[in-house]
Amino acid sequence: MPVRALVVDPSALAAVRLAEVPDPVPGPGQVLVDVSHVSLNHGDLNDARSGRVPVGAVLGSDAAGVVVRAAADGTGPAVGTRVVALTSGAFAERVAIDVGALAEAPKGLDLAEAVALPVAGVAALRSLRAAGLGPDKRVLVTGASGGVGRFAVQLAARAGAHVIASVGSTARGERLVGFGADEVLVGLEGLERAVDVVIDSVGGPQLVAAWNLLAPGGSVQSVGWSSGEPAVFPPYATVGPSKSLTSFVIEGDAGPDLTVLTELAAEGAITVEIGWQGPWDRFAEAAEALRGRRVSGKAVLRVTR
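Residues numbered from 1 in each chain as written. Predicted model: local features only at pLDDT ≥ 70, side-chain atom pairs only at ≥ 80, totals over all residues. Heavy atoms only, no water.

As recorded in an unreviewed UniProt entry, the protein chain goes by the name Zinc-binding dehydrogenase, listed as coming from Streptomyces iakyrus.

Shown next as structure tokens:
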């Protein structure tokens with residue numbers, strides 16, 4: 001039987017519509033999951049309009065639900081297990097998912113919270129790891145009120161770093177001190193001392209400014225580009241003491257890192273903030289709120305049948 005899914009359609013509002021697609025057939029190392037919740041990322045919105053996801057293909061990366069068919073090769077979770085996953089084509093009622101791409105959702109962690117973790121949480125965790133996070137580091141997180149930003153602030157604070165959270169307005173930074181930020185700035189105003197790590201999801205002129213604040217040996221991890229603006233580096237801006245600007249993308253199995261994140265969330269060691277929640281037939285509304293920067297934290301859609 002066909003299943004419903006959110007597919008790319010350039011003629012539709014937000015370039016996405018609900019449609020029927022074939023019921024997925026899992027491979028030997030895949031489980032079949034009945035999806036209850038999905039989470040929307042800026043990258044999904046860009047995928048829908050950029051052509052990276054073909055017209056008619058199922059959108060999305062973040063899914064949570066219950067296993068209804070175990071993997072034929074005997075790996076992975078059993079039927080009835082609640083799971084969360086980072087997988088392509090996530091925005092469907094049923095999805096075939098590689099066992100390495102998912103983690104079991106611990107007891108006490110709601111699936112609406114768990115589904116906020118895959119893209120944003122894994123990006124925050126891995127980018128901080130790649131940048132050389134440590135207790136003696138000064139860490140600047142731009143776009144700190146967004147999904148990746150809020151997790152990056154919390155994870156850096158847990159590691160003992162001095163965390164500087166940059167936001168677009170005072171209102172968007174109100175809760176970040178409670179999440180572990182030592183300083184909350186609007187833009188980069190007032191930041192004069194060099195930083196060792198930058199987790200940047202804004203791009204544009206702010207990326208250039210963050211680069212100029214980077215200490216020798218430091219690292220900028222470019223995890224997003226929500227500003228949509230060009231970054232213009234002045235002559236000789238990249239000439240001098242060694243430091244790095246690294247493009248970031250999530251590669252390989254996310255399961256092990258998702259296990260870490262879900263356990264931290266279940267313990268209350270990190271907070272999952274959901275700034276928008278509703279049924280998936282309100283996708284266009286969620287997309288507009290996310291693009292308009294009216295979502296603090298994550299946007300979560302409930303799969304209705």
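Chemist: Where do I start with the side chain of Asp9 in this structure?
Modeler: With respect to the helices and strands, Asp9 occurs in the loop between strand 1 (3-8) and strand 2 (16-21). Other than its neighbours up to four places away in sequence, Asp9 contacts Ala15, Val16 and Arg17. (Helix = DSSP H or I, 4+ residues; strand = E, 2+ residues; numbered from the N terminus. Contact = heavy atoms within 4.5 Å.)

Chemist: I would appreciate a short explanation of the pairing of strand 4 (residues 62-69) in the present structure.
Modeler: Looking along a regular strand, one sees the side chains alternate between the two faces of the sheet. Where strand 3 (residues 30-40) and strand 4 come together, 7 bridges link them in antiparallel fashion. Residue pairing across strands places Asp34 opposite Val66, the latter belonging to strand 4. Note: strand 4 against strand 5 (residues 82-86), 5 bridges, orientation antiparallel. Residue pairing for strand 5: Val66 is matched across the bridge by Arg82. (Pairing = 2+ DSSP bridges.)

Chemist: Just checking my understanding: could you explain the pattern of salt bridges for this structure?
Modeler: Think of it this way: side chains of opposite charge can pair up when their charged atoms draw near. The full count for this structure, using the stated rule, is 11 salt bridges. For the salt bridge of Arg17 with Asp9, the shortest nitrogen-to-oxygen distance reads 2.8 Å. Given a relative accessible area of 39%, Arg17 falls into the partly exposed group. Among the residues examined, Asp9 registers a relative accessible area of 14% and is labelled buried. Salt-bridge contacts for Asp62 lead to Lys298; the nearest nitrogen and oxygen are separated by 3.9 Å. With Asp62 in strand 4 and Lys298 in strand 15 (residues 298-302), this pair connects stretches of sequence that are 236 residues apart. What makes Lys298 buried here is its relative accessible area of 3%. Taken together, the salt bridges that share partners define one network made up of Asp23, Asp34 and Arg94. (Salt bridge = Lys/Arg side-chain N within 4 Å of Asp/Glu carboxyl O. Buried < 20%, exposed > 50% of the residue type's maximum accessible area, 1.4 Å probe, protein only.)

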